[in-house]
Amino acid sequence: MKSPLLSVRDLTVRFMGERMVQALSGVNLELAPGETLGLLGESGSGKSVTLRTLLRLNPPKRTQVQGQLLVDGQDVLALQGDALARYRGGVVSMVFQEPGLAFDPVFTIGRQMTEMIRAHERVDQATARSRALQMLERVQIPQARKRMDAYPHELSGGMRQRAMIALALCCRPKLLLADEPTTALDATVQIQILLLLRELQRELGMAVIFVTHDIGAAVEISDRLAIMYAGRIVEQGAVADVISRPLHPYTQGLMASTVVTGMRGKPLAAIPGAPPDLTQLPTGCAFAPRCQGASDQCRQQVPAMGEARGHPVACWHPLV
Amino acid sequence: MTSIVSSAVPMPDAVLAPQVASAGYWRSVLQRLHRDPVAMACAAILLLLVLAALLAPWITPADPFKASMLKRLLPVGSSGHWLGTDELGRDLLSRLIYGGRLSLTMGIVPVVLAFVIGTSIGVLAGFLGGKINMVVMRTLDVFYAFPSVLLAVAISGAMGPGMSNSLLALTIVFVPQIARVAESVTTQVAKLDYIDAARMSGAGTLAIIRVQVLGNVLGPVFVYATGLISVCMILASGLSFLGLGVRPPEAEWGLMLNTLRSAIFNNPLVAALPGVMIFITSICFNLLADGIRSAMDLRR
Amino acid sequence: MPPYERLLIPMPPVTQLVRSPDRGGPVQPLLSVRNLVKHFPVRDGFLARTKRAVHAVDDVSFDVAKGETLGIVGESGCGKSTTARLIARLMLPDSGGLLFDGDGVDEFGGMSLQEYRRNLQMVFQDSFASLNPRMTMEDTISFGPREHGVGRQQARTRARALLDRVGLRPAQFAQRYPHELSGGQRQRVNIARALALEPRLLILDEAVAALDKSVQAQVLNLLQELKTEQGLTYIFISHDLHVVQYLCDRVMVMYLGQVVEVGPVAQIYSAARHPYTRALLSAVPSMDPARRTSKPPLSGDPPNPINPPSGCRFRDRCPHAEAVCASAAPLLHGQGNAAHLAACHMTMAGSGHSAAPALEIHV
């Protein structure tokens, strides 16, 4: 990929405390400008930690980060102070799962947006306000002018999420991180937000990393898909490839256990067991204890990411 | 729509599956308390004071009631009277030790009584809710509206001096405060799903309170009550200072502060000593309560 | 966790807790809900001119047949959770009644509340809040039976057998506390607790919504096994249409406190008659990257159940709304098919809607 927007090499994140939590172990990722990557995984897979690390939102004293993280040529892990503040929101921005929690409840939406714009660019209040209004109209909030002066709790869930997307985009970041933005929304609202994100992404030409545990949402919006398990990426590739021909046993198990039309009457092919304890990761492949085809090599050596039949997969015995 | 993923600080499920079952909750609280140096130091000091109070007849060097006009207001470090003597020549060390008996009793007993009564009222009002809650809590609010000192003095004054009267007065002062905390915690607990699940089991109200609610409520109320002990001691000393409560020639720290007041210019150190005892005891109870509260915090 | 080995100890017979016998046979519905209404007053202030109310549940009636799984779907504000709580008698309705296997419940004569509680149990969405943080799993499960008179040792044995049945090894899990279990494990304990009293009907209120997909599959399998094994009837409340299609025999769709459609699952999913149901079904994200959704089926957010609109409540968002929809509220009816009912003017002959079929007049 020529000059990727995002380049993650060997990212390892540990949380220190009573016990050490190995949240990420050697994550490698690349993202081209304007591309949407879906990050799929379950609890403890490390997908949210990856996003927070991209914005350096982890608690500094307790977190140990190793590896290389380059966004738009900048070394993110070395950023400090003003440079870090300009990076957050200006280059990379984030949309959170709970829109109610991401907004400050005592300030109006408009005030929070103008504050963000003026923090990043030298514009006066009036220009910032009109930019904010434009953004609110872009995200299809009805009666945007009235909503500018509304408090977060006065908006419904779907509107708050739109407002949060507007807030994240008002400084035209190059990369948008979306951490399960539609999980807490109703189905009819969820599809609206997904389509909105797709539209905005095309219009503004920005790259998006969309974290979710819902395969359907990931398929709707992503160009590429990366599956995470226990802090590692186990498979990635074009979304059509990964969905139709999953190579990693975990991906295959995930597809098989996701309920879709036509499964009625048969027991679901559930993956036995539970995700591993991140404080006591097994040696070798983290999925081996739950895998039908696990061999001794799997239990002793962590599989390296290799190309097998088209897209990268980290497995000693990928399903072909 | 309620959030599908609960809590704003998500803890990956994967981390919460240890292979070893831990010890019971209270045992783990005690373990954490053991590792807290401040709390342990305070507990040690309090233990020492309580032991001294219990063993008073055997460990006091002199008779606390033996007065001697020749030996008035001897300074600290005098031979035979390590902490000096008071304005009637009585040995201060012995009086402090004996005073500890009464002061500690007057500090702890009302809080214990108020804990039992207040928790019962508060839990019932909090769980039953509605009109009962309103009637009970607003009645208690009437008492709560008065400053504790004023209320203690008023009730004590109305009933007359004497230790048992002031114990009763202090209990009445603290019941509304404890009931309030108990009611507030119970109201929060009663809203949770597991109480609904308990109701769905067909259990009666009292059974639910006894088995499901109390275990969750007693902890915070206990911590609050422990913090009240120091307040109670100070109030009791205040009552004795004012002439209600313990009467001379009994030794009680507050009373001693009162009678030694006139000696401040002659021998300030001796006059301050009972105050120092009150101070030490209050601080230790407060710090211990803080330590227990941190130890009870599951999330640490 | 490797596939659990069942304990060789069979479920001990509980002399006092026996599943209530069937009365009325297979034709009689296990649960009959009639005209449930629940409004919550909104505190608008002392001098407000009109008193507003949240119309959480407005005249909801349905039956649950013995041995079936009834799915209830809908979005926020539709009233499905309130309905569940009304059925469970955790909340009293403003009006309306319940019949359990032909017997009125509580104030309607017949069955006492305690007896009703033994027949109907509920599993809640939040697995952590459903468990008392200060009680071990064993104590939590044996609480119900003990309150119904079962002896302590017997209740303990029963609790352990139930833990084993839901896939948690008693030796490992009986003495644990909720914060030491994962979400899936906690939900299994909730299911075990619900089964402790040998109920006939189980309400699952978004019971698998908060679980990871792989864990969800395990729990769904468990629920199906238990249902067949113990002859249970389920009411499954969910927002996940795929899971509802997988698990349920009949589906009921709710909107703003009312039932808008109810029918067998195959008919609902292939030939839905209410525009809201159709919109809901097409709002499910596509799993095929080649055929992505291009337009959202509905715009706007689900409305607030405070003072709902007149006539059909869906008319604000419905693409086919006409004047008659504002003036007359549609009633649930099946056009010739008594099993599949929908409340829409478009499907009712002679309603006045332009798309309605012609009224057949037989001379």
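Residues numbered from 1 in each chain as written. Chains lettered and ligands numbered in written order. Predicted model: local features only at pLDDT ≥ 70, side-chain atom pairs only at ≥ 80, totals over all residues.

K.L.:
Describe the interface of chain A and chain C, listing the residues and the values that go with them.
P.N.:
With 39 residues of chain A at the interface, the matching set in chain C holds 37 residues. Elements represented by at least two residues in the side of chain A that touches chain C include exactly helix H7 (157-169), helix H8 (187-204), helix H9 (215-221), helix H10 (239-244) and helix H11 (249-257) of chain A. Among the elements that make up the side of chain A that touches chain C, the one with the highest residue count is H8 of chain A (seven residues). Within the side of chain A that touches chain C, the residues separate by chemical class into 22 nonpolar, 13 polar and four charged. (Contact = placed C-beta atoms within 7 Å. Helix = DSSP H or I, 4+ residues; strand = E, 2+ residues; numbered from the N terminus. Nonpolar A, V, L, I, M, F, W, Y, C, P; charged D, E, K, R; others polar.)

K.L.:
If you had to explain the pairing of strand S4 (residues 95-100) of chain C to someone new, which residues and values would you point to?
P.N.:
Consecutive side chains along a regular strand alternate between the two faces of the sheet. All names here are of chain C. Where strand S1 (residues 31-41) and S4 come together, five bridges link them in antiparallel fashion. Note on S4: the bridge partner recorded for Val33 is Leu98. Where S4 meets strand S5 (residues 103-104), two bridges bridge the pair, whose relative direction is antiparallel. What sits directly across from Leu99, in S5, is Gly104. Counted between consecutive antiparallel strands, the loop separating S4 from S5 contains two residues, among which Asp101 sits at a positive phi close to 50°. (Pairing = 2+ DSSP bridges.)

K.L.:
With reference to specific residues and values, describe the nonpolar core.
P.N.:
Counting residues in hydrophobic clusters, the biggest one holds 266 residues, and the most contacted among them are Ala166, Leu175 and Ile209 of chain A, Cys232 of chain B together with Leu163 and Ile235 of chain C. Examining the composition of this core, we find that 14 residues originate from one element, helix H9 (residues 205-241) of chain B, more than from any other. Contacts of Ile235 of chain C, omitting those with residues within four sequence positions, involve Val64, Leu70, Ile72, Leu201, Ile203 and Leu204 of chain C. (Core = buried A, V, L, I, M, F, W, Y, C linked by C-beta atoms within 7 Å. Buried ≥ 20, exposed ≤ 12 C-beta atoms within 10 Å, placed from the backbone.)

K.L.:
Describe the interface of chain C and chain B, listing the residues and the values that go with them.
P.N.:
Taken together, the 33 residues of chain C in the interface contact 28 residues of chain B. Taken together, the residues of the side of chain C that touches chain B break down into 14 nonpolar, eleven polar and eight charged.

K.L.:
Summarise the packing of helix H4 (residues 109-120) of chain A against helix H5 (residues 125-138) of chain A; cite the residues concerned and give the values.
P.N.:
Residue and element names in this part refer to chain A. Between H4 and H5, the least distance of the axes is 9 Å, while the angle of their chain directions is 115°. H5 is crossed by H4, and the crossing has right-handed handedness. Contact with H4, carried on its side by Gly110, Met113, Thr114, Ile117 and Arg118, involves Gln125, Ala128, Arg129, Arg131, Ala132 and Met135 of H5 and no other residues of that element. By residue class, the composition of the contact of H4 with H5 is five nonpolar, three polar and three charged. (Axes fitted to C-alpha atoms, helices over the stretch in contact; angles between N-to-C directions. Left-handed = near helix turned anticlockwise from the far one by under 90°.)

K.L.:
Lay out the sheet that holds strand S1 (residues 6-15) of chain A in plain terms, naming residues and giving numbers.
P.N.:
Residue and element names in this part refer to chain A. The four strands are arranged S2-S1-S4-S5 in an open sheet whose pairing can be described as antiparallel. What marks the edges here is a single partner per strand, and that holds for strand S2 (21-31) and strand S5 (74-75). Alignment of S1 against S2, held across seven bridges, turns out to be antiparallel. Paired with Phe15 across the bridge in S2 is Val21. Here helix H1 (residues 47-54) sits on the sheet in contact with S1, S2 and strand S4 (63-71), set at roughly 70° to S2.

K.L.:
Help me get a handle on helix H3 (residues 137-147) of chain C, residues and values and all.
P.N.:
Residue pairs three or four apart in sequence face the same way in an α-helix, which turns once every 3.6 residues. Within H3 of chain C, ten of the eleven residues are buried, which leaves the element mostly enclosed by the surrounding structure. For H3 of chain C, the secondary structure elements touched by its buried residues are helix H8 (193-200) and H9 of chain B together with helix H4 (152-165), helix H5 (170-173) and helix H6 (183-195) of chain C. Looking one or two residues past H3 of chain C, Gly149 of chain C carries a phi angle of roughly 100°, positive in sign.

K.L.:
Tell me what's going on with the packing of H5 of chain A against H7 of chain A, and back it up with residues and numbers.
P.N.:
Each packed pair of helices is defined by two parameters, the angle between the axes and the distance between the axes. All names here are of chain A. Orientation of H5 relative to H7, taken along the N-to-C sense of each, is 130°, at an axis distance of 9 Å. The angle between the axes of H5 and H7 places the two elements in the oblique class. Where H5 crosses over H7, the handedness of that crossing is right-handed. For the pair H5 and H7, the contacting residues are Met135, Leu136 and Arg138 in the first and Ala163, Ala166 and Leu169 in the second. The residue makeup of the contact of H5 with H7, split by class, is five nonpolar, no polar and one charged. (Parallel < 35°, antiparallel > 145°, perpendicular 65-115°, else oblique.)

K.L.:
Which residues make up H4 of chain C, and what are the values?
P.N.:
All names here are of chain C. End to end, H4 covers 20 Å across 14 residues, agreeing with the expected 20 Å (1.5 Å per residue, within 8%). Inspection of H4 places Ala155, Arg158, Ala159, Arg160, Leu162, Leu163, Asp164 and Arg165 among the buried residues, and these make up the whole buried set. Where H4 is buried, its residues touch H3, H5 and H6. Among the residues trailing H4, Gly167 stands out with phi positive, at a value near 95°. (Expected span 1.5 Å × (residues − 1).)

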